[in-house]
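Given next are the chains, with one letter for each unit.
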Amino acid sequence: SASGGRPPRGLDFEPVAPNTADAVTIPAGYAQQVVIRWGDPILAGAPRFDARAQSAKAQARQFGYNADYMALLDAPRRGHQLLVVNHEYTNEEIMFYGYVPAAPTREQVEIAWAAHGLTVLLVRADDCTGRLWPVVGDPLNRRVTATTPIRFTGPAAGSDLLKTTADPAGRTVLGTLNNCGGGTTPWGTVLSGEENFNQYFANAAAVTDPVTKARLARYGLPTGASQRKWELFDDRFDIGKEPNEPNRHGWIVEIDPYDPTSTPRKRTALGRFKHEAAEPRLTPDGRVALYMGDDERFDYLYKYVSKHAYKKGSSRAAREHNMGLLDEGTLYVAKFTGDSPAAEIDGTGKLPSDGEFDGSGEWIPLASGSVSHVPGMTAAEVYVFTRLAADKVGATKMDRPEDVEPHPTTGRVYVALTNNKDRGATGKAGPDEANPRNGNKHGHILELEERRGDASSKSFSWRLMLVCGDPEDPSTYFAGFDKSKVSPISCPDNVAFDPHGNLWIATDGAALGFNDGLFAVPVKGSERGHVQQFMTMPKGAECCGPIITEDRILIAPQHPGETDGATAENPGSRWPDGPGSIPRPSVVTVWKEKRR
Ligand code: FEO
Ligand code: CA
Ligand code: CA
Ligand code: CA
């Protein structure tokens, strides 16, 4: 360890140097393996991947594109685990040779639909190393895509706002799109957030009703053609024809990975926004609290608290009860108040005179079950247009809330605020103590502590633990740790804890001239704030996952080769297959080699 003493448990690695290599770089003494890549067979009968002969039929049985959230769960077979992965979006330009963005073919569009969604995959765990082997064709394996039927549940299910020509009951939607971060529940289901769903829709300009128009605008729905032109192949992506279809996306999806025949659910009680993730924590009386970010500049941090308590055990009755926990509860939005004089928060990142960016906060209720707490909005409107509800109650506009993770033992909640180039710009919100830097390029990590440590509390205290960037930049802060000993870090996105309680941070869009990567930092003790880089990503890739266990570290380099002007013929990366290949978003396992 650079500080001279013994490294904290779980962190005895030599940090890797920032770089721009087209590779996954790991510390000396560690080994890596690609577990599964885009196009690899998942279901029985899936063909091998052939980049020049890909079809929608093949893709529906193969691993999807751009993995983001991952969960590794116990499997009902010894020596095996269940890997659940979502597939956020597609990069058509580098997926298809000869792709013409203005005129995609039907086959290309249907491949993209089949490459979205989720994968459930049984993997065999190697006894001696951290390797994982896919069990292709196992009956538990599953693909969910942009066309899989999904049921709406909770207080807004069946609302007029969710009705379309194809679904006059407003209770069943086809598919899940742009699944970003997620969470794993104590009852063994996986949650996945539908994030930038707006990009799939077209022609909001065709809507003339001013109320609907304002709602579409607040959610960033395109006024003209969409980037992928799906509206040319399915009317539901044309807002002029189906104005309610966008309302059916932007939810948290819950999937039971143990039942491949189960219908995934969109849980309306959790609100609709650009859902980044949903990480649960139990309250002292056993209810479930979920922390959720809305990843948009100047958008909000939310919390849901269930009405009923979680029931332990795997009995059918307990399972059915738990599957209802995310359908009835209260949805809150966060308001942060700084404790330093406003004049001391000058937008430069200079610490205020009390030495910390910190303060108190409150959770403002938006709706409970069928009761709205927001004047002028029905409960259904609060759930479907949650951003507008939060606007009305004076929530704090944050610097893009990404993943949120409660610490497994202390219960403190860590919020990744990735960046916000518009903070302090003309006509935009200026700095506040929770978002203290104008033009925030590198983001920060906020630590939130619920009153009495109770996840159902209505108030909390908070402090910034990290203000990211190059440690030589005076606007950075590493919890007071010696900045000469930390790794530069920019644009924190996904966060996770290892079994020792250290925080691991994956970055997306790091703006320091180096590729993205994975970092680890202790959150307590004398090493608090000692950020060290564990690995780096291939060119153009953000770091997703991550999962850190005693046996292995799993990450997903998402969108390798997504660089300016990249095409399949001339991609920005050739990872992982090497010279002559197109890039393939994959899942990678990394483990410490045993000393011989
Ligand atoms: Fe898909 Fe907010 O990252
Ligand atoms: Ca302060
Ligand atoms: Ca996480
Ligand atoms: Ca991101």
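Looking at an unreviewed UniProt entry, the protein chain carries the name Phosphatase, with the source organism given as Streptomyces lacrimifluminis.

Asker: What is the right way to read the pairing of strand β13 (residues 279-282) from this model?
Answerer: Regular strands place side chains that alternate from one sheet face to the opposite one. The sheet contact formed by β13 and strand β14 (residues 287-293) spans four bridges and is antiparallel. Residue pairing for β14: E279 is matched across the bridge by Y291. The turn linking β13 back onto β14 is made up of four residues, and G286 within it adopts a positive phi angle of 90°.

Asker: Teacher, can you tell me more about the sheet that holds strand β10 (residues 190-194) here?
Answerer: Two strands in a sheet stick together by hydrogen bonds in their backbones, pointing the same way (parallel) or opposite ways (antiparallel). Ordered by their spatial adjacency, six strands build an open sheet running β8-β7-β12-β11-β10-β9, and the pairing between neighbours is mixed. Every interior strand has two partners, whereas the edge strands, β8 (172-174) and β9 (179-184), have only one. Each adjacent strand pair in this sheet contributes to an overall mean axis angle of 35°, direction not counted. Bridge analysis of β9 against β10 gives four bridges, and the strand direction is antiparallel. From the neighbouring strand, N179 faces β10, where its bridge partner is E194.

Asker: It is not clear to me how the environment of F478 should be interpreted in this structure. Could you clarify?
Answerer: Looking at where F478 falls in the secondary structure, it is placed in strand β25 (residues 477-478). With 22 C-beta atoms counted inside 10 Å, the residue F478 sits in the buried group. For the pair F478 and G529, spaced 51 residues apart in sequence, the C-alpha to C-alpha distance is 4.7 Å. Setting aside chain neighbours within four positions, we find F478 in contact with L466, P471, K483, V486, G529 and V531.

Each value, and the rule that gives it
- Residues numbered from 1 in each chain as written.
- Chains lettered and ligands numbered in written order.
- Predicted model: local features only at pLDDT ≥ 70, side-chain atom pairs only at ≥ 80, totals over all residues.
- Pairing = 2+ DSSP bridges.
- Helix = DSSP H or I, 4+ residues; strand = E, 2+ residues; numbered from the N terminus.
- Axes fitted to C-alpha atoms, helices over the stretch in contact; angles between N-to-C directions.
- Buried ≥ 20, exposed ≤ 12 C-beta atoms within 10 Å, placed from the backbone.
- Contact = placed C-beta atoms within 7 Å.

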